[in-house]
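Structural characterization, general
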Amino acid sequence: MEIQNVFVVGAGQMGSGIAQVCAQAGYQVFLNDLQTDIVDKGLSVIEKNLDRQVQKERITENEKYNIIGRITTSTDVKDAEKADVVIEAAIENMEVKTRIFETLDKHAPAHAILASNTSSLPITEIAAATKRPGKVIGMHFMNPVPVMQLVEIIRGLATEDEVYQSIESMTKSLKKVPVAVNDFPGFVSNRVLMPMINEAIYTLYEGVATEEAIDEVMKLGMNHPMGPLTLADFIGLDTCLYIMETLHEGFGDDKYRPCPLLRKYVKAGWLGKKAGRGFYKYE
């Protein structure tokens, strides 16, 4: 199947990044969200990212305008009727995602592939909300999308081979590296990453060391580019908690039990960088 038009649901950090890389690769993109101000903010982030690329002489001013010109903003899910591929990048919540996929299934053309950028939720369950489970697949980008190369591609129980091959080819056209992953909670990336972050939070909770010391140990001792507590702040502590809860429920193993301190911070509204406070304070 030839892919020309991409419909991105969710104009937040992940959705705007996905829209940007798709437009840069030459696809016509609809960037969709519920409210105009959210979509406009997402487009503004894309423009700032592209401005930085112009300043670094990675693209020309003309190329920037061409990329922006391939992005159409949308607040109407009916615009999905033009899509060859839909990529959902909404909040990490099964109820929300299944509701979105039910709606997309009604409006996207019969040939369209419905992909989810979920970082932990089962693709098979999301696909069951549609009448086209064979055309539903996971396409998990890493944050920040324009920079990170990996895309985990997750087949649901019914995902067709042709659908997988189309998404694998599309991923390569975005200058990303596709990696096939089976449909288990957290896939590979977050099944490994989130328990490490959770354990780092436990070391803080138990008074083993300060935030700065924990991050310094992992940066200098393990050669991580960013400490786990700083990384949690950038991901969003609410997202970290939700993924840990998904792992805990999905595997039924207490090694995935979220740290009580993580729950406390989320209840306090200390969600990380986006809230101005998490394990660290931000301006």
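For every chain, the first residue of the written sequence is number 1, and numbering continues from 1 along that sequence. For a predicted model such as this one, the threshold for reporting local features is a pLDDT of at least 70, and the threshold for listing and counting side-chain atom pairs is 80 or more; totals across whole chains, interfaces and linings nevertheless cover every residue. With hydrogens and water set aside, each side-chain value is computed from the structure's full complement of heavy atoms.

In this section: the pattern of salt bridges. A side-chain nitrogen of Lys or Arg and a carboxyl oxygen of Asp or Glu constitute a salt bridge if their distance falls within 4 Å. Inspection of the entire model under this criterion finds 13 salt bridges. Between Arg 99 and Glu 95 there is a salt bridge, and its shortest N-O distance comes to 3.9 Å. Taken together, the residues span about one helical turn, with Arg 99 and Glu 95 both in helix H4 (residues 94–107) at a distance of four residues. Throughout, exposure labels follow a simple rule: accessible area from a 1.4 Å probe, protein chains only, divided by the maximum for the residue type, with under 20% read as buried, over 50% as exposed, and the rest as partly exposed. Classification of Glu 95 as exposed rests on a relative accessible area of 60%. Residues joined by salt bridges that share partners form a network here, namely Asp 51, Glu 61 and Lys 64. Numbering of helices and strands starts at the N terminus; helices are DSSP runs of H or I of at least 4 residues and strands are runs of E of at least 2.

In a beta sheet, neighbouring strands are held together by backbone hydrogen bonds and run either parallel or antiparallel to one another. Pairing between two strands is assigned when DSSP locates at least 2 bridges connecting them. Spatial ordering of the open sheet is given by S3-S2-S1-S4-S5-S6-S7-S8, a layout of eight strands whose pairing is mixed. Each of the sheet's edge strands pairs with one partner strand only, and the pair in question is strand S3 (71–74) and strand S8 (177–181). Mean inter-strand twist for the sheet, computed between neighbouring axes without regard to direction, equals 25°. Here strand S5 (residues 113–116) runs beside strand S6 (residues 136–141); their pairing, made up of three bridges, is parallel. When the bridges of S6 are listed, Leu 114 appears paired with Val 136. Note on contacts: a residue pair qualifies if any of its non-hydrogen atoms lie within 4.5 Å across the two residues. Fitted lines through C-alpha atoms serve as axes, helices being fitted only where they are in contact, and the angles separating the N-to-C directions of these axes extend from 0 to 180 degrees. Contacting strand S1 (5–9), strand S4 (85–88), S5, S6, strand S7 (150–155) and S8, helix H6 (residues 161–173) runs over the sheet at an angle of about 175° to S7.

The next point concerns the pairing of S7. Across a regular strand the side chains alternate sides, sitting on one face of the sheet and then on the other. Summarising the sheet, S6 and S7 pair through five bridges and their orientation is antiparallel. By the bridge assignment, Met 139 is partnered in S7 with Ile 153. Handedness of a crossover: with both strands directed away from the viewer, a clockwise path from the first strand across the helix to the second marks it as right-handed. Where the polypeptide runs from S7 across H6 and back to S8, its parallel neighbour, the crossover connection is right-handed.

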